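Here's the letter readout for the chains.
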Amino acid sequence: MKAIRRFTVRPVLPEPLRPLSDLARNLRWSWHAETRDLFQSVDPEHWAASQGDPVRLLGGVSPGRLAELAEDRRFLRRLTAVADDLDDYVTGDRWYQSQPPSAELPDAIAYFSPEFGITAALPQYSGGLGILAGDHLKAASDLGVPLIGVGLLYRHGYFRQTLSRDGWQQEHYPVLDPNELPLALLKDAEGTPAQVSLALPGGRQLHARIWLAQVGRVPLLMLDSDVEDNHLGERGVTDRLYGGGSEHRLLQEMLLGIGGVRAVRAYCRLTGHPEPEVFHTNEGHAGFLGLERIAELCDQGLDFDAGLEAVRAGTVFTTHTPVPAGIDRFDRELVARHFGPDAELPRIEVERVLGLGMETYPGGEPNLFNMAVMGLRLAQRANGVSLLHGQVSREMFAGLWPGFDPDEVPITSVTNGVHAPTWVAPEVFRLGARRLGAERTEDELSAGGADRWDVLTDVPDQDIWELRRALREQLVVEVRDRLRASWRQRGAGTAELGWIDGVLDPDVLTIGFARRVPSYKRLTLMLRDRDRLMDLLLHPERPVQIVVAGKAHPADDSGKRLVQELVRFADDPRVRHRIVFLPDYGMAMAQKLYPGCDIWLNNPLRPLEACGTSGMKAALNGCLNLSVLDGWWDEWFQPDFGWAIPTADGDAGTDPDHRDDIESAALYDLLEQRVTPRFYERGQSGLPDRWIEMVRQTLTLLGPKVLAGRMVREYVERLYTPAAHADRALTPEAAGELAAWKARVRAAWHGVRVDHVETTAATATAELGTTVGLRVRVALGALGPDDVEVQAVSGRVDSQDRIADATTVPLKPAGGPDPEGRWVYEGPLSLDRTGPYGYTVRILPDHHLLASGAELGLLSVPSEDVVEGTAGVLLR
């Protein structure tokens, strides 16, 4: 019989146990071992049944057990200590508060993301983007960075994955009740839930409540459209993560961006939290936040152009995708229908809204509204998530800055990191704690303050090897339990499953591969030569075993076919004890999988992996990486840490199938000739000492680099603080002046040109160290020297005279204007490199409030017929 209405009945805790409620509602427990241990001691059986969720635990503990604990002095002392520790954590000074006042750090930063992976108990993530966002919030909390997280609360979260009997992925969408999650409604002083609203076409309204998740020191605001004030269609806007059609996605992104800013304003008003000076858009989904902020400023008297400049100054945009297909793009008419007089932001002309996102550049589709393009146009600072991804992003979006070489496109990079206290196994943590002290180890793991984790340098080989085997053994138990559950879901009876007791071996080299399943990640590359893979799995002396997990997007049948192909291979009785596929990959599984693997495999099509943080999490547990040189591995790979899979991406003529053949063969070669021998060979001590040394190097040298604490500090120092300074400089008057200056420069740029270039170089060769004089005559039209910078650009040249590794030197006005309005600029050109060497000159707009000379996308360079003298020289 089905209930007609559902209630959540909360337990009434005895007064001495009231701090348990506060501890359960602050998600710090998800990465704080002492808090989790305390909750486990409340009722170990219920703790296991609740899958480590304190809110569910407290809802299931009997009143008798609570009464018993209320009289247990030892438990109450532990409770007091843990509660006091949380209070110190959220109120005490951290790294951010210890910075000198001269740093002028931002008072607050709003961080918007479509998904957040904080804990399995709050399933609001699909993959790497959400996990990264969760780790960003946790590291910010550990460092004391005053972040406000902003996202959506999806009533079904992302889907749960099971398999059919024939291995086809099936999706399930369990309903999540916010009242049963570690959340609280944001309410005003009278206890009324706070609410934001958006105007929709046809006079409709989209309302959303604001749920608050407390992530250590960081509040996370999550908007929920499932409220009674909405019509049925609007109630479903926040139903599923990445679900629905184009209009559904557009409404989600409008609610996240526009509604998210309104939620931040409500939160700051009700709690007294400082208003954000910086707004960080984590991927393009939240890009509409800039439009709402422009509308706010227009309400304060600024025009659109001045508001745009003020908003750009304080906005940071992070792109996470290296492929256009990974970006949300909407039809022009769909976007236009949702803005303007009869919909949202009625004071802003629809054409101004469209102008921010349309692909009006060479190679773009001019009828599509691109969320990443809008994100870039609304942010003065932008970044990719690894060095290689920054380079790929500059090439991908170069059309927005015509005339500039890709390496001058103003997109930098901050390489992702992972939150060590979340992902490091307790056993690994204890290995360091025995030598360093638990408090200092936690600080180094969470904040990333150590240049090297030298604490593990002197750990005996025996201890490392015993740790690795213990973690492998835990993984074997976990895999068997999950595999048994999966086969029962697939319809198998208990009598059919006796073979699972022999699946995996704690003494066999274990490879992990787990991620989302888009085609570029190549889930099935390992199956390219099945006979060769079987030989690896069943080798009599050096066998390997593989644990695979991953979800294909519900609409991606090609990805589902890859899953099915892998599952069917793993079902083969000849190898099923050596290779397994585990459905429903998520945080809970990952926290067991990373530590238990010896090798973390990653074989995407280079350079389509923006970062690939799963390998970082594995590395923090002493797991070695075996990966294509893509994402972060391209940046930090060393033979001390693992192996690089050779790729064929440099051969433009290689077809995809042939490329997969080449790279899979390289993978098999590495496993056969280098990886497995290294794992199984034994030194004089009887241990695999060379393997153990690689584990040690991974922990001590690679560990500090891959930390989210390092990443967040880079964001603070390189992006947030400069953005805050720019935001403060863009007063309403300054914003208006900058907007007017940009309009004047754009209108006059057609009159800017290089008329004449001459040099003192007499021949086509010169000696290293020679200084050549440049004299340049330029026309500035209606502009003056204060509006531009004239630069000499020099460096080595290739056979087509393209300048590489360019050095840029500003030239100085030496006279003018002449009767024709031309100016003369002069300056020295130092010939500091040997070989073919060349130079050019160019004119850029220049203003002290620009973050980059490329910001306006305007550039003037000389035509070939204006050069007098020698334009290229060969240095001897």
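Residues numbered from 1 in each chain as written. Predicted model: local features only at pLDDT ≥ 70, side-chain atom pairs only at ≥ 80, totals over all residues. Heavy atoms only, no water.

1. With respect to the overall build of the chain
No. 1: Summing up its helical and strand segments, the chain has 28 helices and 30 strands in all.
No. 2: In terms of C-alpha radius of gyration, the chain reaches 29 Å, essentially the compact-globule figure of 29 Å for 876 residues.
No. 3: Projected onto the principal axes, the alpha-carbon positions of the chain cover approximately 95 × 70 × 50 Å.
No. 4: The burial tally for the chain puts 58% of its 876 residues in the buried class.
No. 5: For the chain, restricting intrachain contacts to residue pairs at least 6 apart in sequence, the fraction spanning at least 24 positions comes to 73%. (Helix = DSSP H or I, 4+ residues; strand = E, 2+ residues; numbered from the N terminus. Rg over C-alpha atoms; globule rule 2.2 N^0.38 Å. Buried < 20%, exposed > 50% of the residue type's maximum accessible area, 1.4 Å probe, protein only. Contact = heavy atoms within 4.5 Å.)

2. Thoughts on the packing of aromatic side chains
No. 1: Overall, the coordinates contain 19 aromatic pairs when judged by the stated rule.
No. 2: When the centroid spacing of 6.1 Å and the interplanar angle of 40° are considered together, the rings of Phe112 and Phe279 count as tilted. Here the residue Phe112 occupies a position in strand β1 (residues 109-112), and Phe279 occupies one in strand β9 (residues 278-282), the gap between them amounting to 167 residues. Across the pair, Phe279 and Phe112 agree in class, each one buried. (Phe/Tyr/Trp six-rings, centres within 6.5 Å; stacked < 30°, edge-to-face > 60°.)

3. Some points on the pairing of β1
No. 1: Neither face of β1 is open: one carries Ile109 and Tyr111, the other Ala110 and Phe112, and all of them are buried.
No. 2: Bridging between β1 and strand β2 (residues 147-152) involves four bridges; their strand directions are parallel. Paired with Tyr111 across the strands is Gly149, a residue of β2.
No. 3: Read from β1 through helix α7 (residues 128-143) to β2, the crossover connection turns out right-handed. (Pairing = 2+ DSSP bridges. Right-handed = clockwise from strand over helix to strand, strands pointing away.)

4. Focus on the pattern of salt bridges
No. 1: A complete count under the given rule lists 63 salt bridges for this structure.
No. 2: In this structure, Glu473 engages Arg469 in a salt bridge whose closest nitrogen and oxygen atoms are separated by 3.3 Å. Here Glu473 and its partner Arg469 are both found in helix α19 (residues 461-489), four residues apart, which amounts to about one turn of the helix.
No. 3: Accessibility expressed as a relative area gives 38% for Glu473, which makes it partly exposed.
No. 4: Of the residues examined, Arg469 reaches a relative accessible area of 28% and is grouped as partly exposed.
No. 5: As a salt-bridge pair, Arg469 and Asp507 come within 2.6 Å of each other at their nearest N and O atoms. Taken together, the residues Arg469 in helix α19 and Asp507 in the loop between α19 and β15 (509-514) connect sequence positions 38 residues apart.
No. 6: Judged by its relative accessible area of 43%, Asp507 is partly exposed.
No. 7: Each member of the salt-bridge network shares a partner with another, and the members are Arg522, Arg528, Asp657, Arg659, Asp660, Asp661 and Glu663. (Salt bridge = Lys/Arg side-chain N within 4 Å of Asp/Glu carboxyl O.)

Any functional reading would require information beyond the geometric quantities listed.
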